[in-house]
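Each chain, written out:
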Amino acid sequence: MRRCLLFSARNALCLSRSNSRHSLQHGFHTTAQRLAKRVPSEVEKRIADIPIERFRNFCIVAHVDHGKSTLSDRLLELTGTIEKGGNKQILDKLDVERERGITVKAQTCSMIYNYKGEDYLLHLVDTPGHVDFRAEVSRSYASCGGALLLVDASQGVQAQTVANFYLAFAQNLELIPVLNKIDLPSADKERTLTQLRDTFEIDPTNAICLSAKTGLNVEQLLPTIVEQVPAPTTNDGAPLKLLLVDSWYDNYKGVILLVRIFDGSVRAGDRLISLATQNEYIVGEVGIQYPLETPQTVLRAGQVGYMYFNPGMKRSKDAKIGDTYTTVGNAKKVQMFPGFEEPQSMVFVAAFPTDQGDYTHLEDSINQVTLNDRSVLVMKESSEALGAGWRLGFLGTLHCSVFEDRLRQEHGASIIITPPSVPFKIIRRDGTEEIIRNPNDFPETSFIHQHIADVQEPIITATIALPEEYLGKVIELCEANRGIQESLTFFTATQVILKYEVPLERLVDDFFGKLKSATKGYASLDYEDAGYRSSNITKLQLHVNKVPVDAVARVIHASQAEFMGKQWVKKFKEHVDRQMFEVVIQAVAGKKVVARETIKPFRKDVLQKLHAADISRRRKLLEKQKEGRKKLRAVGNVTIESSAFQKFLAK
C-alpha cells in the first residue's frame, strides 16, 4: 500500500515538473500572443488606416522661454489628444521643469489630425531651449522631417535661435517660422520678421503669427505642418531598421527605448539585435506616447514610438543612443546609422553628504537620477575635510543646478556642492597628454617646471545677441573675462550679434548672470566648444596653519589669484572657530602666499595679580605666555566642522 502511494506521488511530481517546464519554455510566446490578440483601441484602428504618406514628424525649437511647451499644449488640445483646460505644459514631466518653467529633457507625443477629410499621424517633439541641453535638440532632429522655428515677438531673434537654425539647416529639415506672444503689448512683429529675413534669409510672408497662451491663430499651424513638412520615406520589403533616439528607466519594465522606425515593422515577440553591442532581446511591448505610454500591436516604418523588452534591459548603459536595431538574422543586411556624438562634460563639481551617515542614501539617490540622465559623469572621491563623496561632470552650470534640485526635491538629499571647475590639459615633455578634472590632482609648480611642456585650458566660442545700447557694457564684460573678439555683426539697426572666444573657466563663474545684469536681461548667450589653448594656469589653495584644505582648491588663471585669494581668506575667517592658539589662514597660488588672515587666540590675563611690580617681572610673565603659545600652536590641530565648509561653499 505504501509502495503504491509513493509511486503515485512520484508520478504526480514528475507531471507537475513537466508542466512547469513546458510553461517556462512557452510562457513568453503566450504573453506575445495575448498582446497580439487584445482588442485594438479606436486610436489604434485609426492609425492602422493611415498610410506612411500621411505621417508627419516635426519638432519645436526655440530659445529658452519662447513658449515651446505652451504651444505643444495648444496643438495637443486642437487634435483632441488632451482635454482643454487641463494641466499646463503637460509634456514637462519633472518637478524641476514645472517649477522653473524650462524644458530639461526632450519629450514626444503622437497626434491624429483630420485634414480635408483624411487622418494624418503627427509626431511632435518638444525640445529644451537652453544651450546645456543642445544634444537633446540634435537627437530630436534625427527623428523629424521638419521643425517649427519659434521666435518670441517681444524678444526677437536670440542666440539659441541662431544655433538651432544652423543645426536644422545642416540636417536639411523643412523650417516653418512661427512668431509667438503677439498678444503682448511689447510685441514687435515687423522687427522680428525683418530679423528672420536678414539673419536666416527666410521669407517673412510664410511666417505664422500666433499666441500660444491665448490660442490666437494656432489653428493655422496644423494645416501648414501637413502641407510643408515632408512625409517619411521607406524601402518596401527591406528588413527592420530602427534608430534608438532616447531612453529612460522604469523600475518595473527596465529600460524603455524611444525609437524611430525607418524600414519594416516591429511588434511584441520579435527577436531584435543591437548592431552596437550585439546583444539580443525579445520585444515585450511596443506603443506610442499619446501623450502617455499607449500600447500598440505594431510600430510601422515612419513612426516614432517606444518599446521595452521581456526580459527587460537592466542597465541604461546598454541602450546606446544612436544605436541601430534589426531582427535577428538580418544584421548583415542592415547598414548601421552613424549614431550621435556623445556630449562631453564641460563642468565638474565635487559632491559630499552633509552627514557621512547619509552616504549610502545619497549614493542611491545619485544612481536613481543618473538612470534617466546619462550625460552625468560620476566618479568616487574622498576628502580629508568632507569625507567620502563623488566628482560629478555636467554639460553646463544649469545642468548641474537642475541635477542638485532633483536630488533635493525627489530624494530629500542633503548635499554639499563645491564651486564648479573645468578640465585642464597638461602636455608632458615626452609628448603625452593628460586631462585633469580634479583641482587636487593638478601638479605642483616645481613639477610643472621640471616635467610639463605646456598647460592648456578649454576655450568656448560665445555668441551673444543683444540690443545695440548695451554693446559697450558687454564688450567690457567679455574683455574683463579674458575674451578675444572674433566678430561683431549688426543684423538690424538696433540688434547686435557678438562673437567672443572666452575661457570656459570664466564662463562657469556666473558669466551668464553678469551678462544678464549688464543688459537688464535683454542679452542671450549660446556657446560651443572651441578646443584648448595655452594659458598661465595656477592652483589656488587654502592653508590653515600651513596645512592645505583639500576641499577648497581651484585651478585659475594667475591674474585672478590675488583677487580671489583675498575673497577666500576673508570669507573663510568668518566660519572658523577661535582657538587657544593663533590660527593663520592663507591663500596660496603655486608657492606664493597671495592673501592672509589671522584669528587671534583666546588670551589669559597673566598680569592680573601684578599691581606695582617691576617691569622685568611683567616681561618675564608675558614671554613665558608667548612660549606656551608657540608650543600649543605646534601640537594643536584646528578642527574645522563640515558646517563651516557648507557655509563657505554656499553662494
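Parameters and conventions
- Residues numbered from 1 in each chain as written.
- Predicted model: local features only at pLDDT ≥ 70, side-chain atom pairs only at ≥ 80, totals over all residues.
- Heavy atoms only, no water.
- 1 Å grid on protein atoms, 1.4 Å probe; cavity = no way out; pocket = protein on both sides within 12 Å on 5 of 7 lines; lining within 4 Å.
- Points joined across faces, edges and corners; volume = space filled by probe spheres on them.
- Helix = DSSP H or I, 4+ residues; strand = E, 2+ residues; numbered from the N terminus.
- Nonpolar A, V, L, I, M, F, W, Y, C, P; charged D, E, K, R; others polar.
- Contact = heavy atoms within 4.5 Å.
- Salt bridge = Lys/Arg side-chain N within 4 Å of Asp/Glu carboxyl O.
- Buried < 20%, exposed > 50% of the residue type's maximum accessible area, 1.4 Å probe, protein only.
- Pairing = 2+ DSSP bridges.
- Axes fitted to C-alpha atoms, helices over the stretch in contact; angles between N-to-C directions.
- Expected span 1.5 Å × (residues − 1).
- pLDDT = per-residue confidence, 0-100.

1. A few points about the layout of surface pockets
Link 1 in the chain: Considering only enclosed or pocket space, the second largest pocket measures out at about 1,500 Å³ in volume.
Link 2 in the chain: If you go around the second largest pocket, you meet 47 residues; those closest to its centre are E342, P343, Q344, S345 and L395.
Link 3 in the chain: The set of elements that each furnish at least two residues to the lining of the second largest pocket consists of α5 (134-142), α9 (359-371), β17 (377-383) and β25 (524-534).
Link 4 in the chain: Counting residues per element, the lining of the second largest pocket draws most heavily on β25, which supplies 5 residues.
Link 5 in the chain: A per-class count over the lining of the second largest pocket returns 23 nonpolar, 10 polar and 14 charged.

2. A few points about the side chain of T161
Link 1 in the chain: Assignment of secondary structure puts T161 in helix α6 (residues 159-170).
Link 2 in the chain: Setting aside residues up to four positions removed in sequence, T161 forms contacts with H63, H66, L149, V151 and F200.

3. Quick look at the pattern of salt bridges
Link 1 in the chain: Tallied over the entire structure, the rule returns 23 salt bridges.
Link 2 in the chain: R482 serves as the salt-bridge partner of E457, at 2.7 Å between the closest nitrogen and oxygen. Note that E457 is positioned in strand β22 (residues 452-467) and R482 in the loop between α12 (471-480) and β23 (484-490), a separation of 25 residues in sequence.
Link 3 in the chain: A relative accessible area of 1% places E457 in the buried class.
Link 4 in the chain: Each of the salt bridges in this network shares a partner with another, and the network as a whole consists of E457, R482, E505, R506, D509 and K514.

4. Digging into the sheet that holds strand β5 (residues 174-180)
Link 1 in the chain: On the basis of which strands lie adjacent, the open sheet formed by 6 strands has the order β2-β3-β1-β4-β5-β6 and mixed pairing. A single partner strand is all that each edge strand has here, and the edge strands are β2 (107-115) and β6 (208-209).
Link 2 in the chain: Sitting on the sheet, helix α8 (residues 221-228) is in contact with β1 (55-62), β2, β3 (118-126), β4 (146-152), β5 and β6, with an inclination near 90 degrees to β2.

5. A few points about helix α10 (residues 397-411)
Link 1 in the chain: Taking 1.5 Å as the rise per residue, α10 with 15 residues should run 21 Å; its terminal C-alpha atoms sit 21 Å apart, in good agreement.
Link 2 in the chain: Among the residues of α10, those classed as buried are L398, H399, C400, V402, F403, E404, D405, R406 and L407.
Link 3 in the chain: Positive backbone phi, approximately 60 degrees, marks G412, located one or two places after α10.

6. What to know about the confidence of the model for the protein
Link 1 in the chain: Confidence along the protein averages 84 in pLDDT terms, with 89% of residues attaining 70 or more.
Link 2 in the chain: Within the model, the stretch residues 1-10 combines pLDDT values under 50 with 0 contacts to residues more than four positions away or in other chains.
Link 3 in the chain: In the predicted structure, residues 12-28 sits below a pLDDT of 50 and forms 5 contacts with residues beyond four places in sequence or in another chain.

7. Describing the sheet that holds strand β27 (residues 547-557)
Link 1 in the chain: Ordered by their spatial adjacency, 4 strands build an open sheet running β27-β26-β28-β29, and the pairing between neighbours is antiparallel. With one partner strand each, in any of the chains shown, β27 and β29 (592-599) form the two edges of the open sheet. Strand-to-strand twist of the sheet, defined as the mean angle between neighbouring strand axes without regard to direction, takes the value 15 degrees.
Link 2 in the chain: Bridge analysis of strand β28 (residues 583-589) against β29 gives 7 bridges, and the strand direction is antiparallel. Opposite A589, over in β29, you have K592 as the bridge partner.
Link 3 in the chain: Strands β26 (537-544), β27, β28 and β29 of the sheet are contacted by helix α15 (residues 561-573), whose axis makes an angle of about 20 degrees with β29.

8. Re the pairing of strand β18 (residues 387-394)
Put simply, side chains in a regular strand alternate between the two faces of the sheet.
Link 1 in the chain: The element β18 is extensively covered by neighbouring structure, given that 7 of its 8 residues are classed as buried.
Link 2 in the chain: Alignment of strand β16 (residues 347-353) against β18, held across 5 bridges, turns out to be antiparallel. For F348, the partnering residue across the bridge sits in β18 and is G393.
Link 3 in the chain: Here 7 bridges tie β17 to β18, and the two strands are oriented antiparallel to one another. Bridge pairing links L377 to G393 in β18.
Link 4 in the chain: Linking β17 back to β18 in an antiparallel pair, the connection comprises 3 residues.

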